[in-house]
Amino acid sequence: MKYRVVLKGNPQQPAAPKKKYAGAVNAGKFTLKHFAKEISGRSSLTAGDVENVLTNFVEVLPTFLKLGLSIKLGDFGTLRLTLSSEGVDEDKEFTASHIKGTRVVFTPGPEFKESLKQMSFEEEK
């Protein structure tokens, strides 16, 4: 994976000197169609069949997340929703209107996470 060195400040210490960190270089986009073609080459399914399954998966996923379910995707990992809200002093003061948004959190499975550790890095010139 390519990286570039970027200068970043600490938002909690704005007066502190900025430091240099590694930043991942985006090598482009890999679309649903690309995934479908890649997966079809490893199975007896056509790219259209795989794309149909993936599209349907993306369409039904929010239904189950909205029910408060964690979605376990085998060795890949788990998806779940978290909430962000305004704070209140007392339980009885809290209403649903204090909820400001949701976020999808992905937790990689141990095998998937381990497979990502086996990488090499090269600085983009």
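Our structure's up above, just so we're on the same page.
No experiment lies behind these values; they were computed from the predicted model shown.

Definitions and cut-offs
Residues numbered from 1 in each chain as written. Predicted model: local features only at pLDDT ≥ 70, side-chain atom pairs only at ≥ 80, totals over all residues. Heavy atoms only, no water. Helix = DSSP H or I, 4+ residues; strand = E, 2+ residues; numbered from the N terminus. Rg over C-alpha atoms; globule rule 2.2 N^0.38 Å. Buried < 20%, exposed > 50% of the residue type's maximum accessible area, 1.4 Å probe, protein only. Contact = heavy atoms within 4.5 Å. Areas by Shrake-Rupley, 256 points an atom, 1.4 Å probe, with all protein chains shown as cover. Pairing = 2+ DSSP bridges. Axes fitted to C-alpha atoms, helices over the stretch in contact; angles between N-to-C directions.

Asker: Can you explain the overall build of the chain? Please cite residues and give values.
Answerer: Broken down by element type, the chain carries three helices and six strands. Along the chain direction, N to C, the helices and strands of the chain fall in the order β-β-α-α-β-β-β-α-β. Taken over C-alpha atoms, the radius of gyration comes to 21 Å for the chain, far larger than the 14 Å a tight globule of 125 residues would show. A buried classification covers 11% of the 125 residues belonging to the chain. Across the chain, contacts joining residues at least 24 apart in sequence account for 28% of those joining residues at least 6 apart. For the chain, the accessible area works out to roughly 10500 Å², and carbon and sulfur atoms hold 56% of it.

Asker: Break down the side chain of H98 for me, citing the residues and quoting the values.
Answerer: Locating H98 in the fold gives a position in the loop between β4 (77-85) and β5 (99-108). If we skip the residues at most four places from it in the chain, H98 touches S84, S85, E86, V88 and E93.

Asker: Break down the sheet that holds strand β3 (residues 71-72) for me, with residues and values.
Answerer: Sheet architecture is open: three strands sit in the order β3-β4-β5, paired in antiparallel fashion. The open sheet terminates on both sides in strands that have one partner only, identified here as β3 and β5. Where β3 and β4 come together, two bridges link them in antiparallel fashion. Across the sheet, the residue bridging to I71 is L79, located in β4. Seen against the sheet, helix α2 (residues 47-66) touches β3, β4 and β5 and runs at an angle of roughly 60° to β4.

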